[in-house]
Each structure stands twice: as structure tokens, then as C-alpha cells.
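The chain contents come next:
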Amino acid sequence: QQQVKQSPQSLIVQKGGISIINCAYENTAFDYFPWYQQFPGKGPALLIAIRPDVSEKKEGRFTISFNKSAKQFSLHIMDSQPGDSATYFCAARGLDSNYQLIWGAGTKLIIKP
Amino acid sequence: NAGVTQTPKFQVLKTGQSMTLQCAQDMNHNSMYWYRQDPGMGLRLIYYSASEGTTDKGEVPNGYNVSRLNKREFSLRLESAAPSQTSVYFCASSSRDPFYTGELFFGEGSRLTVL
């Protein structure tokens, strides 16, 4: 079974700090790496995504860094705000699994005011 | 904008009972999905439907059946509920071919407890 390993499981960051969540994958047949944000009682929502031909993608305070050789990608949240407190999921789309998204286990992020 | 609507939001079943989770989307999307979310396990795909009239198994289809009733509606049925099916179930939809863009639009979830 293909896996996407996400760490840490939980993270507490002071307001204004940088939040970093990491994901690692084993299968090289992944071609699309989205991050989803989920607030309590809600469904996940797409936050930002990257393809493996790009090493970094930035949207506002959110940046994905992608290291193809290490099979790792990470989400950086700059100037973290209390409103960023949520659970974050990384995922990878598998070319050899009928394009199904394989999900990380999630990271619960708490931003302390 | 309703987006993806799931019913019921909460349900408690006894082992062996059956039930159907309903999902409807108003975004004219072709593809629809059912996921389950368990603590520490992320989301796991149960079934998906690329278009009206087609359904395919995902990662964890055992114990479930689905029906793509029309373009808007995709239901998930548990024929004989088991405690292992206690979970939060999410319906999602996407506008393109399955997983083409990876962008899924999720409902707010249905929390199911099987005693």
C-alpha cells in the first residue's frame, strides 16, 4: 500500500511564527501534491497544491516546498494567525493507483495568540 | 451556495442495522466520492463515481455499496453495520475526470456511530 507519511501529528506555534508541516512519500509515481485545510465540524478544503516539476509554490502566507530527490514536501505558514488553527492534510495523487489521492494522517495546528 | 450537502449529519446504529447516507451537489460536477475519516488515518476512499451511471471501488469498499442516482446525487449504503464502520463519512465532488486536478469539494460530513 502506497503511503504518505505526515509529521508532526500536532503542532503549537505562537502567533506570528512560522508553522512547518512535513510529508514524505515512497512511491515515485505521484504527480500532484495538494494540501487541504479542515476546520472542526467542516469538510477539508483545498489550500494549495504543487506538481513535481516545481520546487516551490507560494500563495500569500502559504508556501509548499518540494524536494523530488528526497521524496518530501512541506507546507510553510508564515506569520501564523489564530485563524490558521485547523487540521492540515497533505496528499499525493498516484499514477499507478487509478489517480486516487493518498492522504497523510493529518496535523492539528494550534496558533497561540 | 449549498455546494455538497450530506444527510444525516449524525447517526447512531446498532450492529447489523442498515442505513443510507445521502449526498447531493449543486455544482454540476461529474465526479463524486465517498471517503471515511478516522483519527490518525487521514481520509480513505470508499467508492467513487466518475460520471452518472458508473461507480468504482476505492481503497476500503468492503461493507459498503453506492448508487449514483443521477448527476447530482451519490448515496452510500451500509447493509449490515459493524462497529468498525464507526467513522466520519465525507462526500466530495470534482468538476473534471476523477482526480484530474485533485481539487475536491467536500460536504460537512456525517458522523456515524455503530454500537
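Up top is the structure these notes are about.
Owing to the predicted nature of the structure, the values given are computational and were not obtained by experimental measurement.

## A look at the overall build of chain A
Okay, so step 1: If you tally the helices and strands in chain A, you get 0 helices and 11 strands.
Okay, so step 2: When the helices and strands of chain A are listed from N to C terminus, the series reads β-β-β-β-β-β-β-β-β-β-β.
Okay, so step 3: Computed over the C-alpha atoms, the radius of gyration of chain A is 14 Å, within 12% of the 13 Å expected from 2.2 N^0.38 for a compact globule of 113 residues.
Okay, so step 4: For chain A, the spread of C-alpha atoms along the three principal axes comes to 45 × 30 × 20 Å.
Okay, so step 5: Of all 113 residues assigned to chain A, the portion counted as buried reaches 49%.

## Digging into the interface of chain A and chain B
Okay, so step 1: Taken residue by residue, the interface counts 19 residues in chain A and 22 residues in chain B.
Okay, so step 2: A combined buried area of about 1600 Å² lies between chain A and chain B, and 51% of that area is made up of carbon and sulfur atoms.
Okay, so step 3: Among the residues chain A hides against chain B, the three largest losses belong to Pro44, Gln100 and Trp103 of chain A. Together they make up 29% of the total.
Okay, so step 4: Counting across the chain A and chain B interface gives 1 salt bridge.
Okay, so step 5: With a shortest N-O distance of 2.7 Å, Glu108 of chain B and Lys42 of chain A are connected by a salt bridge.
Okay, so step 6: At the level of elements, β4 (30-38), β9 (86-94) and β10 (101-103) of chain A are the ones that each hand at least two residues to the side of chain A that touches chain B.
Okay, so step 7: The element that contributes the greatest number of residues to the side of chain A that touches chain B is β4 of chain A, accounting for 3 residues.
Okay, so step 8: Looking at side-chain class alone, the side of chain A that touches chain B contains 9 nonpolar, 7 polar and 3 charged residues.

## Details of the packing of aromatic side chains
All names here are of chain A.
Okay, so step 1: Per the stated rule, a full pass over the model turns up 19 aromatic pairs over all chains.
Okay, so step 2: Where Trp35 meets Phe73, the ring centres are 5.8 Å apart and the plane angle is 70 degrees; that geometry is what we call edge-to-face. With Trp35 in strand β4 and Phe73 in strand β8 (residues 72-77), this pair connects stretches of sequence that are 38 residues apart. For the pair Trp35 and Phe73, one class covers both residues: buried.

## Focus on the pattern of salt bridges
Okay, so step 1: Within this structure, the stated rule accounts for 9 salt bridges over all chains.
Okay, so step 2: Measuring nitrogen to oxygen at the nearest pair gives 2.8 Å for the salt bridge that ties Asp84 of chain A to Arg61 of chain A. In this pair, Asp84 of chain A is assigned in the loop between β8 and β9 and Arg61 of chain A in the loop between β6 (56-59) and β7 (62-67), connecting sequence segments 23 residues apart.
Okay, so step 3: Judged by relative accessible area, Asp84 of chain A falls into the buried class, the value being 4%.
Okay, so step 4: The exposure class of Arg61 of chain A is partly exposed, given its relative accessible area of 27%.
Okay, so step 5: For Glu108 of chain B, the salt bridge goes to Lys9 of chain B, with nearest N and O atoms at 3.8 Å. One end of the pair, Glu108 of chain B, is in the loop between β10 (105-106) and β11 (110-114); the other, Lys9 of chain B, is in the loop between β1 (4-7) and β2 (10-13), with 99 residues separating them in the sequence.
Okay, so step 6: Assessed through its relative accessible area of 36%, Glu108 of chain B is described here as partly exposed.
Okay, so step 7: Within the structure, one salt-bridge network assembled from shared partners comprises Lys42 of chain A together with Lys9 and Glu108 of chain B.

## Brief notes about the state of the cysteines
Residue and element names in this part refer to chain A.
Okay, so step 1: Scanning all chains against the criterion turns up 2 disulfides over all chains.
Okay, so step 2: Linked covalently through their sulfurs, Cys23 and Cys90 form a disulfide whose S-S length is 1.9 Å. Because the torsion about its S-S bond is -95 degrees, the bridge between Cys23 and Cys90 counts as left-handed. Of this pair, Cys23 sits in strand β3 (residues 19-25) while Cys90 sits in strand β9, and the two are 67 residues apart along the sequence.

## Focus: a nonpolar patch on the surface
Okay, so step 1: Residues Ile18, Ile20 and Met78 of chain A make up a contiguous nonpolar surface patch of roughly 240 Å² in combined accessible area.
Okay, so step 2: Following the sequence through the fold, Ile20 of chain A ends up in strand β3.

Basis of the calculations
Residues numbered from 1 in each chain as written. Chains lettered and ligands numbered in written order. Predicted model: local features only at pLDDT ≥ 70, side-chain atom pairs only at ≥ 80, totals over all residues. Heavy atoms only, no water. Helix = DSSP H or I, 4+ residues; strand = E, 2+ residues; numbered from the N terminus. Rg over C-alpha atoms; globule rule 2.2 N^0.38 Å. Buried < 20%, exposed > 50% of the residue type's maximum accessible area, 1.4 Å probe, protein only. Contact = heavy atoms within 4.5 Å. Buried area = accessible area lost by both parts, 1.4 Å probe. Salt bridge = Lys/Arg side-chain N within 4 Å of Asp/Glu carboxyl O. Nonpolar A, V, L, I, M, F, W, Y, C, P; charged D, E, K, R; others polar. Phe/Tyr/Trp six-rings, centres within 6.5 Å; stacked < 30°, edge-to-face > 60°. Disulfide = S-S within 2.5 Å. Patch = residues over 30% accessible without salt bridge, like charges linked within 9 Å, V, L, I, M, F, W, Y side chains within 5 Å. Areas by Shrake-Rupley, 256 points an atom, 1.4 Å probe, with all protein chains shown as cover.

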